[in-house]
Amino acid sequence: MDNNATTPLHPEVAKEMAASLELYGNPSSMHSFGRETRVKVEEARERVADFLDADTASVIFTGGGSESNNTALKLVTCTDSTCVRCPATRKKIVTSVIEHPSVLNTVQKLESRGVPAKYISVDAEGKVDLNQLEAEVTDECALVSIMMANNEVGTIQDIKKIAEIAHRHGALVHTDAVQAVGKLPLSVRDLDVDFLSFSAHKLYGPKGVGVLYAREGAPFCTFIHGGHQEEGRRAGTLNTLGIIGLGKAVEIASREMSERELRVRNLKNRLKEGISSSIPDIHINGHPIDNLAGTLNVSFRGAEGESILLYMDLEGIAVSTGSACASGSLDPSHVLLATGIDAVLAHGSIRFSLGGFNTEADVDYVVEKLPGIIEKIRKMSTMYSKSGE
Amino acid sequence: MESNWMYSEVVKDHFVNPRNVLEDENAFEADGEGVVGNIKCGDQMLIVIKVNDDVISDCKWKTYGCASAIASTSILSEAVIGMDLKEAYHIKPKDIADRLGGLPEHKIHCSVLGDKALRAAIEDYYKKTGRDELIEEQEATVICQCMNVTDIDIETAVKNGARSYADLQNMTKAGTVCGQCKKESEELLHQYIHMYAD
């Protein structure tokens, strides 16, 4: 139940990748071997473009979500006046406090290089404060980067509205859609974003490959320099097998997504009801309506997350936690703290993220095992006493 | 599951079957009690002891924390029952980690608080029995050779508000010459922030 971390390869994706193993030609080569591979790569590009409602020329294949995010954010620092695609004099970045580390750490690095940045806060349910955003997106703002759906609590942002605010002030818009693509229907035209990042392995595709959508005509600065691949926007011989797998995963998503997400949401509701009716003193994190179908983030008062995770692991259940202990740092999840919950609840948080291959039997097994685990931990805990005692 | 468990088998055993958990605080008539830990960092520990002729006759505990916090308190409680107070008073985190068959490095500083809780419980007992003279100043270890800064200096700096390595350097001058002690100082800094910061 850790599908937000990664998903298993869809059998049809595995099949398509296996069938392409012998396709060793370099898609940049002009001879027939190269062309044969290029046809497959371009087929994948078309599948992605169709799925995102984008032009094929706006789809850039990358090494994954983190690279896509880095590329989109770092283009604002280009100061090379001969670089015709780069943004002009604007530098400021506006992002949120609950972004993925691949955005937060990148923006922090850019700040150390003199780029002004603002981190918009969120409410108790993880929604970005649009009033604060509106106030921060001034005429100096180069880029607004807000994630579409949060990986920890599953809250979905109103990216269309955010893009509307940003564009009104002439700023570019990037959205980290790693958790959204393959789970939510989306159109880059309708959202009106300039950049969008996603990764194949979150939608039953292979690891190490992703996409950066860059609207045609939007300023762009190459992050990885070298050869002329991807029209000079991302150098390096293409990860052909990965791209073929990504294309197939996207094609499957376009067929199966709506039915799958409905089923996943029903499973999550079953899990939520099962936990709520059998375990007292819990807190459900995230937005009650605008959330990812499979993400359920629960805090168990007085029980520490790493202990819960490891007792569940011993029962064969895989989840993740926002506890500091699991991260090796001293602070619990920055996302949960940003929603204003106290540290004890943040340390006691467990994220269940269900996917297309989970079953009712999986959910019932968790609901059977979890109450005993929480009770055992709470009995040992200095931070829990049953109500009435 | 066995082969890729992140801790040793001893840790797993004490995590799955914790010994001497304090189930009823009111029923246990403690002679000494110690609580340490910082809930914001995710660990808190309570140790209670009964003492008979300066020997620990019983020891029970409660822990809010991760698997190594639970296991380290459990194994400590087992080890100190029947132990002379003086010996128990000088148990170090490394002794506990060794008994557990080792712990991941980053876990030793943050989760092994049992020795400190036990020390606090023993000091509580000494105070209650009017033997404050047995309470020892902790032995200092020099961390920064260049500026002669000890672990106790670092602890004091944290108690006085040091929260970053830069603060520590300003307040103690540790690591301001050759810088070789940076890693160790930072580990201690984090450990003491863990124990004392709000």
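Every value quoted in this text rests on a predicted model; they were computed, and no experiment measured them.

1. A short note on the overall build of chain A
Each helix and strand in chain A was counted, giving 13 helices and eleven strands. For chain A, the C-alpha radius of gyration of 22 Å lies close to 21 Å, the compact-globule estimate for 389 residues. Judged by the C-alpha coordinates and their principal axes, chain A covers about 75 × 50 × 35 Å. Counting every position in chain A, which comprises 389 residues, the buried fraction comes to 52%. Across chain A, every contact between residues at least 6 apart in sequence was considered, and the portion connecting residues at least 24 apart equals 71%.

2. Focus on the pairing of strand 4 (residues 141-145) of chain A
Residue and element names in this part refer to chain A. With respect to burial, strand 4 is a largely interior element, five of its five residues being buried. Pairing of strand 2 (residues 92-96) with strand 4, which is carried by three bridges, proceeds in the parallel orientation. Looking at the pairing, Lys92 lines up with Cys141 of strand 4. Relative to strand 5 (residues 172-176), strand 4 runs parallel, the two sharing three bridges. Each bridged residue has a counterpart across the sheet, and for Ser145 the counterpart in strand 5 is His174. For the handedness criterion, the β-α-β arrangement of strand 4, helix 6 (residues 159-168) and strand 5 is classed as right-handed.

3. Re the interface of chain A and chain B
If you look at the interface, chain A gives 20 residues, while chain B gives 24 residues. Elements represented by at least two residues in the side of chain A that touches chain B include exactly helix 9 (305-314), helix 10 (324-327), helix 12 (343-347) and helix 13 (360-380) of chain A. Top contributing element to the side of chain A that touches chain B by residue count: helix 9 of chain A, with four residues. Here the residues of the side of chain A that touches chain B sort into ten nonpolar, seven polar and three charged.

4. Here we look at the domain arrangement of chain A
All names here are of chain A. The domain boundaries assigned to chain A delineate domain 1 (11-253) and domain 2 (257-378). Here the C-alpha centre of domain 2 lies 29 Å away from the C-alpha centre of domain 1. With 20 residues of domain 1 at the contact, the number on the domain 2 side is 22 residues. Split into classes, the residues belonging to the side of domain 1 that touches domain 2 amount to nine nonpolar, seven polar and four charged.

5. Quick word on helix 4 (residues 101-112) of chain A
All names here are of chain A. Here helix 4 contains twelve residues, and its C-alpha end-to-end distance of 16 Å stays within 8% of the 16 Å for a straight helix at 1.5 Å per residue. Taken as a whole, helix 4 has its buried residues at Val103, Thr106 and Val107. The buried residues of helix 4 occupy an angular sector of 100° when projected down its axis, which confines them to one face. Among the exposed residues of helix 4, those oriented more than 90 degrees off its buried face are Pro101 and Ser112.

6. Comments concerning the domain arrangement of chain B
You can read the domains of chain B as domain 1 (9-134) and domain 2 (142-196). Taking the mean C-alpha position of each, domain 1 of chain B and domain 2 of chain B sit 26 Å from one another.

7. Comments concerning the sheet that holds strand 8 (residues 282-285) of chain A
Residues and elements named next belong to chain A. Pairing in this open sheet of four strands is antiparallel, and the strands run 8-9-11-10 from one edge to the other. Among the strands making up the open sheet, the edge pair consists of strand 8 and strand 10 (320-321). Pairing of strand 10 with strand 11 (residues 349-353) involves two bridges; the strand directions are antiparallel. Residue pairing across strands places Thr321 opposite Ile350, the latter belonging to strand 11. Where helix 8 (residues 240-278) meets the sheet, it contacts strand 8, strand 9 (295-300) and strand 11, and its direction lies at approximately 10° from that of strand 9.

What counts and how
Once a new chain begins, its residue numbering starts again from 1 and follows that chain's sequence as written. Ligands are numbered from 1 and chains lettered from A, in the order in which they are written. Local features in this predicted model are restricted to residues of pLDDT 70 or higher, and side-chain atom pairs are both shown and tallied only at a pLDDT of 80 or more, whereas totals for entire chains, interfaces and linings draw on every residue. A helix here means a DSSP run of H or I that spans at least four residues, while a strand means a run of E at least two residues long, and both kinds are numbered starting from the N terminus. Each radius of gyration is computed over the set of C-alpha atoms, and the globule rule expresses the reference value as 2.2 Å times the number of residues to the power 0.38. To sort residues by burial, count the other C-beta atoms lying within 10 Å of each one's C-beta; a count of 20 or more means buried, 12 or fewer means exposed, and anything in between means partly exposed. C-beta atoms are built from the backbone. Any pair of residues counts as being in contact when their C-beta atoms, constructed from backbone geometry, are within 7 Å of one another. Strand pairing follows a simple DSSP-based rule, namely that at least 2 bridges must link the two strands. The handedness of a crossover follows from its direction of travel: if, with the strands pointing away from the viewer, the path from the first strand over the helix to the second runs clockwise, the crossover is right-handed. Note on residue categories: nonpolar means Ala, Val, Leu, Ile, Met, Phe, Trp, Tyr, Cys or Pro, charged means Asp, Glu, Lys or Arg, and polar means any other residue, Gly included. Each domain span listed reflects an automatic or database assignment of domains. Multiplying 1.5 Å by the residue count of a helix minus one yields the expected span of that helix. Each C-beta atom gives one direction from the helix axis, and the arc is the one those directions make. Lines are fitted to the C-alpha atoms to define the axes, a helix being fitted only along its stretch in contact, and any angle between axes, read from their N-to-C directions, falls within 0 to 180 degrees.

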